[in-house]
Amino acid sequence: MLRRISGILMLSVMLTISGLQAQQKRSLTHDDYDGWENLSSDRITKNGIWVGYMISPQDGDGRLEILPFKDVSKKFVIPRAQGWNFTPDDTYAVGKIVPQEDSIRVLKLKKTKKEDMPKDSLFIYEMKTGKLEKMAEVKSFAIPEKGGSWIAIQFEKEKPAKKDPADSTAKAEKPKKTDGTKLMVRSLDGSKSYEFARVKSYGFSRNGDFLHYVLAEEDTLDNAAIHLLNLNSGQSTVLHEGNTAYERVTFSPKSRYLAFLSTNDSAKSKKPYYNLYLTATSNPKVEEIATRNSQGILENGRISNDGSIRFSENENRLFFGVAEDYVDYAYESDTTILDDERVSLDIWGWQDAEIQPMQLRNKSREEKRSYTAAMDLTDRSIAQLEDREVNNVILENKIERDFGIAWTDAPYRRAYSWDIQIGRDLYLVDFESGERTLIEKNAPGYPSVSPEGNYVTWYASTDSAWVAYDIVAQKKINLTSGIGNVVFYEELHDSPSLPGSYGVAGWLAGDEAILINDRYDIWKIDPRNPNAAVNVTAGEGRKNKIEYRRITLDREEKSIDPKEKLYFTAFNEMSKESGIAEGSMNGSAPKSILMTAHRYYGLTKAEDSDEILVQRSTYKESPDLYLGDLKFKNLRKASNLNPQQANVKWGSVELVSYLANDGTPLQGLLFKPEYFDPNKKYPMMVYFYERNSDGLHNYRSPAPSASTINIPFFVSNDYLVFVPDIKYDLGLPGPSAYNCIIPGVQSIVAKGFVDAENMAIQGQSWGGYQVAYLITQTNMFKAAGAGAPVVNMTSAYGGIRWGTGMSRMFQYEQTQSRIGGTLWEKPLYYIENSPLFFMDRVNTPVLIMHNDEDGAVPWYQGIEMFMALKRLNQPAWLLQYNGEDHNLRQRKNRKDLSIRLSQFFDHYLKGAPAPLWMTEGLPAVEKGRTLKYELGQ
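Colleague: Describe the overall build of the protein chain, listing the residues and the values that go with them.
Modeller: Summing up its helical and strand segments, the protein chain has 15 helices and 54 strands in all. Since a compact globule built from 937 residues should have a radius of gyration of about 30 Å, the 32 Å found for the protein chain is in line with a globular shape. Dimensions of the protein chain, computed from C-alpha atoms along their principal axes, come out at roughly 95 × 80 × 75 Å. Long-range contacts, defined as pairs at least 24 residues apart, comprise 56% of the intrachain contacts of the protein chain with a sequence gap of at least 6.

Below, the structure is given as structure tokens:
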């Protein structure tokens, strides 16, 4: 009896504690968004001793945290740091410190002039000693990429001295007009320092042994100049002076040369001509090496200041851009025509390779287009590698060969409006002569060259196979067709287009073999004998439904040592667990060294040690930074994001399985509120966009909505949220959505804790389309939110995606809309999948968002839906954010949408009073005066 009373008392105490916890935690509000933090810019020194990362709220001042790898408790915090990095010698951290956001806001409210606003500062932090140095009024800074212990600091323009009020005869000094400001170049320890006035631009050599700086013109003195500073000797040399501009200044990889472009034409000239210059750093004497009249460059060409300058790794070849010379059009330059007499006209020609909207969208890029040329620095001969016919030469990060790949899709470009999988002709290009050799016509893939230059590879989507072109033997090899029953195309591909691949994982040293991924495993394939391919992961991936992908630990890796240990990411497709495994090239089964119910990403290894950084998350755990080594044991948490979450009702997520109406096994995510009670009935939101279940362990930050419901916000406010996966049948996008979403919802309702009378659906873009379709097929939802929905495929088919200028035809014929044919080939499919033609069936109140500068879905689609519902006298609201895109870009508008979404769904699913914007609207005469968030009575 005593034991029973004791047990009752214990249960009572536990219930009381649980009740107190419930009282202590609160629901998320819209005011919580700004302070929610994320982690970025995480770095580790090459020696693995120091770690740093940025923590930033969504709106407000961030901070940089630096700590020793072995002691995460010793954090040094630099408030408001940005753009930071460790120096190449692993001794310092450097970056900017920006002004406080609150201070900037106050000054903006006071209409403070830009020049009077507070400026950035610079910090130099010495990790070992803890010494922090700051400099004010800093415009920019730079450190060398690979070596040296130097920093260059450019300061803001100094304000002119003010007139002395005590001296009635004194005049304020008139500042000279120049774009240049003071530049300080100093050793990081401060022992050496150099200062230069009116510097316009500057830059270090890769190894930090030289720095160039360009002086800006002062008034009209024609005294612009380019200088070279030898950081070993401290000597500064004038390389060239007197021209009006010096641009594209570039050091060769080992600092042997410096190249730049320069012109003496006026800065206001519409037709400036640039020349290419070169000097040896050991004996600075500038040589003009190319002009528009140089032999070998494009006929009627000119040196382009829009093209980049690159050196080969052996410093024997220089690559630069050549543009077609300017064309003087008589109509454009005719000064006898008034502006209001000039015709403004677009002509859409059927024969054009690109339609006018695409041309207009790409106009600026085309005006700046340059064609790559190469100069042999041993004899100064020039070879033009690109031209209008073939204008895509692939220059690798390190140019180590005497040839490259070029491609063109020009012969097939006209079909791009309806076929985004057009082919391209592939060429080998000789950098010495510029000669091209065709290796494949109409190739359905993008090419790359093997590390040793023996093969060109690409994925041939038309054959669902990887192919290699043997450069010496001049023959094409199918790498994957002979490997048993294994397929290398995307197995879950469900649109009427050619499926893509799972990519490659690198080449073995000496081009001995290439590693190619299938859905789960990795294959080692020797191009000389593809049928003898070895499954590097021993088939364990497919056997256990685990996706293995090789981790590249060396960012500058050229090829893979076949004797080295391999590391893989591992993702269990069924449980959604992830982790790390190790293996080898001999085809033995991978050994799991880490596998947990988390998501791992952003793995970084120190360059000279085995220390690693990795971020880890779950739905409940922010993606904090963890430290460890290649054994992946005892990972230590370094950061502590969002401690305020402990005081918020957060909830949980679980993976659910169900069957589609056609019997297909599917998965979905079910988010449950904190203190979930299975005996209670909860309102439920349903959100969807193709497949999302792999994101089980993704952390979802509370954030103002760009277009869709914020899941943590609704879960924290005691909603269930269900996110089902969708499998599509070709030609039936609407019925496919119904086939997958409705049985998923019914399976959750069957669990007994859903208030089936208070469910809603919401989606954006493709999800918005599916919302619009579903409410014409079922009345099971009490409210719906459709963002940027396509409701009329017949009118949208001929529209334009204004963000790219592309025709929308491809989307219906090949990709997401999945109709699989033209409007005149499959008219009934377009009509039957278009919700607009069935709007008279809708009995669900709808909140539509569609913005007037939507670059993806034509704005008139939202209008068509709204006007149909208005005509049918069905409750509907259309939110049109002025000047906004497909998804909201401006934070103020995102916050506004978040409020309206929660008010709309709270009204229909929880019985909350409707806000005035729903009951009274927002008349145009009140626009800008009120937002009408107030709740009605």
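Colleague: Can you break down the packing of helix H8 (residues 733-749) against helix H9 (residues 766-774) residue by residue, with the values?
Modeller: Across the interface, H8 lies against H9 with an axial gap of 9 Å and an inter-helix angle of 80°. Taken together, the axes of H8 and H9 lie roughly perpendicular to each other. The segment H8 lies against H9, with Pro733, Gly734, Pro735, Ala737, Tyr738, Ile741 and Ile742 engaging Trp766, Tyr769, Gln770, Tyr773 and Leu774. The residue inventory of the contact of H8 with H9, partitioned by class, reads ten nonpolar, two polar and no charged.

Colleague: Account for the sheet that holds strand E48 (residues 720-724), with residues named and values stated.
Modeller: Within the open sheet, the eight strands sit side by side as E45-E46-E48-E47-E49-E50-E53-E54. Their pairing is mixed. Each having just a single partner strand, strand E45 (652-659) and strand E54 (876-879) make up the two edges of the open sheet. Each neighbouring strand pair of the sheet contributes to a mean axis angle of 20°, computed without reference to strand direction. The sheet contact formed by strand E53 (residues 846-849) and E54 spans four bridges and is parallel. Looking at the pairing, methionine 849 lines up with leucine 879 of E54. Where H8 meets the sheet, it contacts E45, strand E46 (665-672), strand E47 (682-687), E48 and strand E49 (754-764), and its direction lies at approximately 115° from that of E45.

Colleague: So what about a nonpolar patch on the surface? Which residues, and what values?
Modeller: Residues Tyr331, Val343, Leu345 and Ile347 make up a contiguous nonpolar surface patch of about 450 Å² in total accessible area. Turning to its location among the elements, valine 343 is positioned in the loop between helix H3 (330-333) and helix H4 (356-361). What makes valine 343 exposed here is its relative accessible area of 62%.

Colleague: Tell me what's going on with the packing of aromatic side chains, and back it up with residues and numbers.
Modeller: According to the stated counting rule, one finds 36 aromatic pairs in the structure shown. Centroid distance tyrosine 257 to phenylalanine 311: 6.2 Å. Interplanar angle 5°. Geometry classified as stacked. Here tyrosine 257, found in strand E17 (residues 257-263), pairs with phenylalanine 311, found in strand E21 (residues 310-311); they are 54 residues apart in sequence, far enough to count as distant. Judged on exposure class, the residue tyrosine 257 and its partner phenylalanine 311 are both buried. For the pair tryptophan 650 and tyrosine 699, a centre-to-centre distance of 5.6 Å together with 10° between the ring planes defines the contact as stacked. In this pair, tryptophan 650 sits in the loop between strand E44 (636-637) and E45 while tyrosine 699 sits in the loop between E47 and helix H7 (711-716), placing the two residues 49 residues apart along the sequence. Considered together, tryptophan 650 and tyrosine 699 belong to a single accessibility category, that of buried residues. Above the plane of the ring of tyrosine 326 lies arginine 302, whose end atom (NZ or CZ) is 3.8 Å from the centre. A cation sits over an aromatic face here: arginine 342 above tyrosine 331, 5.3 Å from the ring centre.

Colleague: I'd like a description of the pattern of salt bridges, backed by residues and values.
Modeller: Within this structure, the stated rule accounts for 54 salt bridges. Glutamate 366 is the partner of arginine 365 in a salt bridge, and the nearest nitrogen-oxygen pair spans 3.9 Å. Assessed through its relative accessible area of 38%, glutamate 366 is described here as partly exposed. Salt-bridge contacts for glutamate 512 lead to arginine 528; the nearest nitrogen and oxygen are separated by 2.7 Å. Pair noted here: glutamate 512 is in the loop between strand E33 (504-507) and strand E34 (514-517) and arginine 528 is in the loop between strand E35 (522-525) and strand E36 (534-535), with a separation of 16 residues, a long-range link. The class of glutamate 512 is partly exposed, set by a relative accessible area of 38%. Classification of arginine 528 as exposed rests on a relative accessible area of 54%.

Colleague: An account of unusual backbone geometry is requested, with residue identities and associated values reported.
Modeller: Negative phi characterises most residues that are not glycine, and trans characterises most peptide bonds. In the Ramachandran plot, serine 464 falls in the positive-phi region, its phi being about 50° despite a non-glycine side chain. Structurally, the position occupied by serine 464 is in the loop between strand E30 (455-460) and strand E31 (465-470). Of the residues examined, serine 464 reaches a relative accessible area of 24% and is grouped as partly exposed. A positive phi angle, near 70°, is found at aspartate 718, a position not held by glycine. Relative to the helices and strands, aspartate 718 resides in the loop between H7 and E48. Since its relative accessible area comes to 25%, aspartate 718 is described here as partly exposed.

Colleague: Any chance you could break down the confidence of the model for the protein chain for me, citing the residues and the numbers?
Modeller: On average, the protein chain scores 93 in pLDDT, and the residues at 70 or more come to 96%. Long-range and interchain partners of residues 1-18, a stretch whose pLDDT sits below 50, account for zero contacts in this model, where long-range means more than four residues apart.

Colleague: Before we move on, can you summarise the nonpolar core with the specific residues and values?
Modeller: Within the largest apolar cluster, 54 residues are counted, with the highest numbers of intra-cluster contacts made by Met684, Val686, Phe722, Ile761 and Met865. Not counting chain neighbours up to four residues away, the residues in contact with methionine 684 comprise Leu720, Phe722, Val745, Ile748, Val754, Asn758, Met759, Ala760 and Leu909. Phe671, Leu696, Ile709 and Leu879 belong to the second largest nonpolar core, which has 37 residues in total.

Colleague: Let's hear about a negative patch on the surface: which residues, and what values?
Modeller: A cluster of acidic side chains, namely Asp59, Asp61, Glu101 and Asp102, defines a negative patch on the protein surface. Relative to the elements of secondary structure, aspartate 61 occurs in the loop between strand E2 (50-57) and strand E3 (63-68).

Cut-offs used in this document
Residues numbered from 1 in each chain as written. Predicted model: local features only at pLDDT ≥ 70, side-chain atom pairs only at ≥ 80, totals over all residues. Heavy atoms only, no water. Helix = DSSP H or I, 4+ residues; strand = E, 2+ residues; numbered from the N terminus. Rg over C-alpha atoms; globule rule 2.2 N^0.38 Å. Contact = heavy atoms within 4.5 Å. Axes fitted to C-alpha atoms, helices over the stretch in contact; angles between N-to-C directions. Parallel < 35°, antiparallel > 145°, perpendicular 65-115°, else oblique. Nonpolar A, V, L, I, M, F, W, Y, C, P; charged D, E, K, R; others polar. Pairing = 2+ DSSP bridges. Patch = residues over 30% accessible without salt bridge, like charges linked within 9 Å, V, L, I, M, F, W, Y side chains within 5 Å. Areas by Shrake-Rupley, 256 points an atom, 1.4 Å probe, with all protein chains shown as cover. Salt bridge = Lys/Arg side-chain N within 4 Å of Asp/Glu carboxyl O. Buried < 20%, exposed > 50% of the residue type's maximum accessible area, 1.4 Å probe, protein only. Phe/Tyr/Trp six-rings, centres within 6.5 Å; stacked < 30°, edge-to-face > 60°. Lys NZ or Arg CZ within 6 Å of the ring centre and 35° of its normal. pLDDT = per-residue confidence, 0-100. Core = buried A, V, L, I, M, F, W, Y, C linked by side-chain atoms within 4.5 Å. Lys, Arg positive; Asp, Glu negative; His and termini not counted. Charge placed at Lys NZ, Arg CZ, Asp CG, Glu CD.

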